[in-house]
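# Close look at the chain arrangement
The lines below spell out each chain.
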Amino acid sequence: MTALAVVAVVLVSAGRPARHPVSVPLPSAQPALLAGIPARGGGTDLFLGGENVWRPGRPPRLVAGLLSNGLSSLLPRGHGAEVDQLAPVPGGVVAHISDISTGATYGALGRVVFIPAANAPARTIARATMIAVSPGGRRVWVQTAVQSLQNGVGVPASFKSPTWAVDLTGRRVSPVLYLPLGLAGATGTGPLTLNLVTGQVQLWNGATGQPTPMSLPADANFVAAGRDRVIWSSCGASCLLHVTDLPTGSDVALPLPRNWQPPLRVYPPPPASFDPAGQRLALPLIRVDSAGNITAQALFIAGNRMLRETPGRLRLPPSAAATQGVVLTGAWDQRAVLWVLATNPSSGYYQLGFWTGTGPLRTFAPAQGSPVTLSAPGPG
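Predicted model, so just to flag it, every value in this text is computed and none were measured.

### Section: the overall build of the protein chain
On a plain count of helices and strands, the protein chain comes out with one helix and 31 strands. Looking at the protein chain alone, contacts between residues at least 24 apart form 51% of all its contacts between residues at least 6 apart. For the protein chain, the exposed surface amounts to about 16,800 Å²; the carbon and sulfur share of it is 55%.

### Observations concerning the side chain of Gln-85
Along the chain, Gln-85 falls in strand β5 (residues 81-89). With a relative accessible area of 8%, Gln-85 lands in the buried category. Only 2.8 Å separates the side chain of Gln-85 from the backbone oxygen of Ile-131, close enough to count as a polar contact. Residues within four places of Gln-85 in sequence aside, it is in contact with Val-94, Ala-95, His-96, Met-130, Ile-131, Pro-268 and Thr-373.

### Re the pairing of strand β23 (residues 281-288)
Side-chain direction in a regular strand flips from residue to residue, so the side chains alternate between the two faces of the sheet. Counting buried residues along β23, seven of its eight residues qualify, which places the element largely inside the surrounding structure. Pairing analysis gives two bridges linking strand β21 (residues 260-261) to β23, with the strands arranged antiparallel. The residue of β23 that forms the bridge with Gln-261 is Ile-286. Where strand β22 (residues 273-274) meets β23, two bridges bridge the pair, whose relative direction is antiparallel.

### Regarding the nonpolar core
The nonpolar side chains of a soluble globular protein tend to be buried with one another. Grouped together as the largest cluster of nonpolar side chains are 18 residues, with contacts concentrated most on Ile-231, Leu-281, Leu-283, Leu-285 and Leu-307. The set of elements that each furnish at least two residues to this core consists of β17 (221-226), β19 (239-245), β23 and β24 (294-303).

### Notes on the sheet that holds strand β3 (residues 53-55)
The strand order β4-β3-β2-β31 describes an open sheet built from four strands, whose pairing is antiparallel. Each of the sheet's edge strands pairs with one partner strand only, and the pair in question is β4 (61-62) and β31 (373-375). As judged from the two bridges shared by β3 and β4, these two strands associate in the antiparallel manner. Counterpart to Arg-55 in the pairing with β4 is Arg-61.

Definitions and cut-offs
- Residues numbered from 1 in each chain as written.
- Predicted model: local features only at pLDDT ≥ 70, side-chain atom pairs only at ≥ 80, totals over all residues.
- Heavy atoms only, no water.
- Helix = DSSP H or I, 4+ residues; strand = E, 2+ residues; numbered from the N terminus.
- Contact = heavy atoms within 4.5 Å.
- Areas by Shrake-Rupley, 256 points an atom, 1.4 Å probe, with all protein chains shown as cover.
- Buried < 20%, exposed > 50% of the residue type's maximum accessible area, 1.4 Å probe, protein only.
- Polar contact = N/O pair within 3.5 Å; in protein donor to acceptor, adjacent residues only side chain to side chain.
- Pairing = 2+ DSSP bridges.
- Core = buried A, V, L, I, M, F, W, Y, C linked by side-chain atoms within 4.5 Å.

The values are spatial; any link to function lies outside them.
Given below as structure tokens:
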């Protein structure tokens, strides 16, 4: 298994016009991205985020006045925008609308928005370059990157980024901590950071900003974090997927199927997708050949000390280049139904499906848009 590769998005000031996605009509015969049987009806029970924000519904509908075709009134005029993080919180979801404009400064500040599940107005609760939601969803940790007009030139590697927590009204509920850039998760006691060079994970005390000892080895390949647990992989005589409970230090190690591994992630990583009971984890895995080419993508479920594949596997495009660009992810709704999202950003369309736990994956027809993340609203 290849080691974790983390890519940080660097936004630079170059005096060029802003870049933003443009919606195009969906061709009538786009190939299916998911293998399954047609679902009756249409829509989803989850929020979707990308160049737009889609609210749950049948069919999904846009959240008005927030983000449209990669532009947001919350950001400076002409700056490109994208929802790159969605997370459930009580009564709705929190979205990070990232500033992706080429005209933005290094570490440009996006907007952190609480979107109620009910048809109520969304509200901005913070400005940040990345977020992480604590267990229970009542605290949202935010971090700002380096703000520099020189594309980060001269910024020392030891630079610490302001990091703090807010509640769902936007009120700060923690001290401002100065931590390494790389917010990657949050626990009940404090935030997690991921070293963007070495891939090492560190837990921090949310009250003092001091490092908290962890039971992870230094060479752990970070995958995701959520519900006070860190998911990581390791390879020795065999390759294993680990789920480590941070408060207790207990670890469950599951053998990965031969030639399957977690996908190489861009930063920020998505949160771990646990079911409402916190007993089952859904995560995408990729199968690679000896040359490193992706030959399959599928969602797996870790639970009851087992790792098993769900029935809905991604239908890979015929070309290797197209295969590399297709995004596969999943999330549970409040009824413990697993939703699957496959997106082909280069062609501007996506496909949704859901799995009830038995039988085949049920899929909807491909639709226009490029969502890259999805989340059910939290209870309440």
